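The residues making up each chain are set out below.
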Amino acid sequence: MFTATTSSARPKRLALSAIALSAVLGIAGCSQSNPLEPRPGATGDGETIVVGSQAYYSNEIIAELYAQVLENAGFTVERRYQIGQRDAYWPALENGEVDVFPEYTGNLLQFLDPDSSGTDPDTVYQQLTDALPDGLTALDRADAQDADSYNVTQEFSDEHDVTSLADLAGVDVPIILGGNPELAERPYGPDGLLETYGVEVSFTAIGDSGGPLTKAALESGEITMGDVYSADPDIATSGFVTLDDPEGLFLAQNVVPIVSQDLADQIADLLNEVNALLTTDELIRLNGLSTTEQQSSKQIAEDWLRDNNLID
Amino acid sequence: MNLFLDAIAWLFSPERLEGANALPVRIGEHLYYTFVSLLVSAVIAIPLGYYIGHTRKGREVAVALSGAARALPSLGLLTVMALLLGPARADVAAIIVFVVLGVPSVLAGAYAGVQSVDPKTVDAARAMGMTEWQILMKVEIPIGLPLLIGGLRSAALQIVATATLAAYVGLGGLGIYIFTAIPLRQYDVMLGAALVIVALALLLDALFAVLERLATPRGVLAAKHRNISARPNRARETVEPSRA
């Protein structure tokens, strides 16, 4: 009896450790793609195109769109996703370790030239192409934008009759703006609101980039107005009202691929076809597939590209 | 080196005393979260540590649980707690996170202090007719006090460093400068704020070091000195002939 149980238990344990071991090996296998580690042969030598993305799920979806279109055209693509924020990945892009990167026109322009002045899509795009360093080039911008936007609850909007930032000047209750800590010093932060719209706000720093903490604070009334990215599908599902920006306080943030100069001629047509179809509504829909349906970026990109006949 | 000069220039600029982000206000918030969290950690961990140390029961469970709690990533725990409790009580969420960080050190200091007492000393106290309560209060706690303060000292260091995260959920503190400066690439601000946090940590550390000294009972100190003088002192032997 005892021997029987032990002998039957042993293979089970063996099987378990085999599973555990393969899981560990699998994880170790993933970890070899350290995004910051330079690897020979992967740098724009015409054989492999390295596509990168920010540590932002929506950016990864766009990167995956580019990656699959390139693969479909016969290129070998290496994916290096979730490389932090601009500080982390920009040097890799400049020295050619990454060849293709989805970017946002306004924020990238601010990064390269903090004194730039344009806010509308065409001016920002024009200034960006001028500000890019040698070796990098911007392909066509998409219509899709993922910009900062100020949102209030439906109740607040109804009660004070506010649908635009310009309406805020007439509101007689104190307005608390919530957003990332650095928003306090951005040109479109509290100072910009006062300058452009004559609206005085106090500021609460919430560090999750318009994520769940910011939305919860907005819903509970801790803040009156929250900075949430405009392509966030939660804006619609939570019933927030995005305030219009008639004076162009916010910079345009059109999706734009930044690519290595040497590759630009070969891949421009492919990526431009994707960008021609990518609108803000489409981007919100793609983001929603990730946040609510929990689909992978690979799946989302593949379905979208197939539906639009961009891959076979 | 220039960066250090920039950071110091930022720190001592007169603007640091103005506006919503005035440095004294942020230091005050930072210390407030540190002290409240340390106090709550002490209230939870000291009685528990003494119980474990005196009865020698449940040590493994307490150590395993508090050690595991310390392994929780603070930023993740803070986000979850802030969402669970709601943004209006983000301060409670932050203090819970810092307490989770502080309890293991204080707990270890409390029970290690009690357990460090020589069993012969405890037996002697018991033989003199002391009750268990008296043994704890008059023998184990006084002798173990320096170790407890050592535990509080390391808890204070961890909490003062981690209180930086309070800014992530809108609570201010010195982290506000760092969280603001990272995306704006203001390295002087990041370094300046980090220097203030380091200074607070050193200050707290020094404070607890003094307390640790003061808390060591005279009898324990005397015993230590006697031990030292009883040891043959080689250093003196080798030095003296050369002097002569």
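The helix and strand tally for chain B stands at 11 helices and zero strands. Written out in order from the N terminus, the α and β elements of chain B read α-α-α-α-α-α-α-α-α-α-α. Over its C-alpha atoms chain B spans a radius of gyration of 23 Å, topping by over 25% the 18 Å that the globule rule assigns to 244 residues. Per-residue burial over chain B gives 38% buried out of 244 residues. For chain B, long-range pairs separated by at least 24 residues make up 76% of all intrachain contacts whose partners lie at least 6 apart in sequence.

All names here are of chain A. Under the domain assignment, chain A is made up of domain 1 (48–145 + 254–307) and domain 2 (148–242). Distance from the C-alpha centre of domain 1 to the C-alpha centre of domain 2: 27 Å. Between domain 1 and domain 2, the residue contacts involve nine residues of the former and four residues of the latter. For the side of domain 1 that touches domain 2, the leading source of residues is helix H11 (residues 280–291), giving six residues. Classifying every residue of the side of domain 1 that touches domain 2 by side-chain character gives two nonpolar, seven polar and no charged.

Relative to the helices and strands, A:Thr48 resides in strand E1 (residues 48–52). C-alpha of A:Thr48 to C-alpha of A:Asp113: the two residues are 65 residues apart in sequence and 31 Å apart in space.

Residue and element names in this part refer to chain A. Here five strands make up an open sheet; going across it, the order is E7-E6-E8-E5-E9 and the pairing mixed. If you trace the sheet from one side to the other, it starts and ends with strand E7 (201–205) and strand E9 (240–242), each paired once. Taken pair by pair, the neighbouring strands of this sheet meet at an average axis angle of 35°, ignoring direction. Examined bridge by bridge, strand E6 (residues 175–179) and E7 share five bridges and lie parallel to one another. Among the inter-strand pairings, Gly 179 is bridged to a residue of E7, identified as Ala 205.

Two numbers describe how helix H8 (residues 212–220) of chain A lies on helix H4 (residues 74–85) of chain B: the axes approach to 10 Å, and their chain directions differ by 20°. With respect to H4(B), the axis of H8(A) lies roughly parallel. Classified by chirality, the crossing of H4(B) by H8(A) is left-handed. Contacts from A:Pro212, A:Leu213 and A:Ala216 in H8(A) reach B:Thr79, B:Ala82 and B:Leu83 in H4(B).

Moving on, we come to helix H10 (residues 261–277) of chain A. Three or four residues apart is the spacing at which side chains of an α-helix point the same way, because the helix has 3.6 residues per turn. Residues and elements named next belong to chain A. Its 17 residues place the ends of H10 23 Å apart at the C-alpha level, agreeing with the 24 Å of an ideal helix rising 1.5 Å per residue. The complete set of buried residues in H10 reads Ile 267, Leu 271, Val 274 and Asn 275. Of the surrounding elements, those touching the buried residues of H10 are helix H2 (57–72) and strand E10 (255–260).

Okay, the interface of chain A and chain B next. With 18 residues of chain A at the interface, the matching set in chain B holds 16 residues. Put simply, the parts of the chain that give the side of chain A that touches chain B at least two residues each are E7 and H8 of chain A. Per-element accounting of the side of chain A that touches chain B gives the leading share, five residues, to H8(A). Within the side of chain A that touches chain B, the residues separate by chemical class into eight nonpolar, five polar and five charged.

Let's shift gears to the environment of A:Ile176. Residues and elements named next belong to chain A. Following the sequence through the fold, Ile 176 ends up in strand E6. Using a count of 18 C-beta atoms within 10 Å as the deciding quantity, one classes Ile 176 as partly exposed. Once the C-alpha coordinates of Ile 176 and Ile 223 are considered, the two residues, 47 residues apart in sequence, prove to be 5.0 Å apart. Leave out the neighbours within four places in its chain, and Ile 176 touches Val 201, Ser 202, Thr 204, Ile 223 and Thr 224.

Within the largest apolar cluster, 135 residues are counted, with the highest numbers of intra-cluster contacts made by A:Tyr66, B:Ala94 and B:Val169. No other element matches the 15 residues that helix H5 (residues 90–115) of chain B contributes to this core. Looking at which domains feed residues into this core, each of domain 1 (48–145 + 254–307) and domain 2 (148–242) of chain A gives three or more. Ignoring sequence-local partners within four residues, the contact set of B:Ala94 consists of B:Tyr33, B:Leu78, B:Ala166, B:Val169 and B:Leu171.

On to unusual backbone geometry, then. All names here are of chain A. Located in the positive-phi region is Asp 161, a residue other than glycine, with phi close to 55°. Position of Asp 161 among the secondary structure elements: in the loop between helix H6 (154–160) and E6. We classify Asp 161 as exposed; it has 9 C-beta atoms within 10 Å.

Look at any regular strand and the pattern is simple: side chains alternate between the two faces of the sheet. All names here are of chain A. Within E6, four of the five residues are buried, which leaves the element mostly enclosed by the surrounding structure. Of the strand pairs in this sheet, E6 and strand E8 (residues 225–229) are connected by two bridges, and their pairing is parallel. Looking across to E8, one finds that Leu 177 is bridged to Met 225.

The next point concerns the confidence of the model for chain A. Residues and elements named next belong to chain A. Averaged over all residues, the pLDDT of chain A is 86; the fraction at 70 or higher stands at 85%. Here residues 1–9 scores under 50 on pLDDT; set against residues more than four positions off or in separate chains, the count is zero contacts. In the model, residues 37–45 has pLDDT below 50 throughout and makes 11 contacts with residues more than four positions away in sequence or in other chains.

On to the environment of A:Leu93, then. Residues and elements named next belong to chain A. If you trace the backbone, Leu 93 turns up in helix H3 (residues 86–94). When the C-alpha positions of Leu 93 and Tyr 125 are compared, they lie 19 Å apart, and in sequence the two are 32 residues distant. Apart from residues lying up to four places away in sequence, Leu 93 is in contact with Val 98, Phe 101, Leu 136 and Ile 258.

Residue and element names in this part refer to chain A. Packing of H11 against helix H12 (residues 297–307) brings their axes to within 10 Å, and their N-to-C directions diverge by 145°. The handedness of the crossing between H11 and H12 comes out as right-handed. Of the residues in H12, those in contact with Leu 286, Leu 289 and Ser 290 of H11 are Ser 297, Ile 300 and Trp 304.

In this section: the confidence of the model for chain B. Residue and element names in this part refer to chain B. Per-residue pLDDT for chain B averages 87, and the proportion of residues at 70 or more is 91%. Per-residue pLDDT stays below 50 along residues 235–244; that stretch engages in zero contacts with residues further than four places along the chain or on separate chains. With a pTM of 0.75, the predicted complex shows an ipTM of 0.71.

Cut-offs used in this document
- Residues numbered from 1 in each chain as written.
- Chains lettered and ligands numbered in written order.
- Predicted model: local features only at pLDDT ≥ 70, side-chain atom pairs only at ≥ 80, totals over all residues.
- Helix = DSSP H or I, 4+ residues; strand = E, 2+ residues; numbered from the N terminus.
- Rg over C-alpha atoms; globule rule 2.2 N^0.38 Å.
- Buried ≥ 20, exposed ≤ 12 C-beta atoms within 10 Å, placed from the backbone.
- Contact = placed C-beta atoms within 7 Å.
- Domains from an automatic or database assignment.
- Nonpolar A, V, L, I, M, F, W, Y, C, P; charged D, E, K, R; others polar.
- Pairing = 2+ DSSP bridges.
- Axes fitted to C-alpha atoms, helices over the stretch in contact; angles between N-to-C directions.
- Parallel < 35°, antiparallel > 145°, perpendicular 65-115°, else oblique.
- Left-handed = near helix turned anticlockwise from the far one by under 90°.
- Expected span 1.5 Å × (residues − 1).
- Core = buried A, V, L, I, M, F, W, Y, C linked by C-beta atoms within 7 Å.
- pLDDT = per-residue confidence, 0-100.

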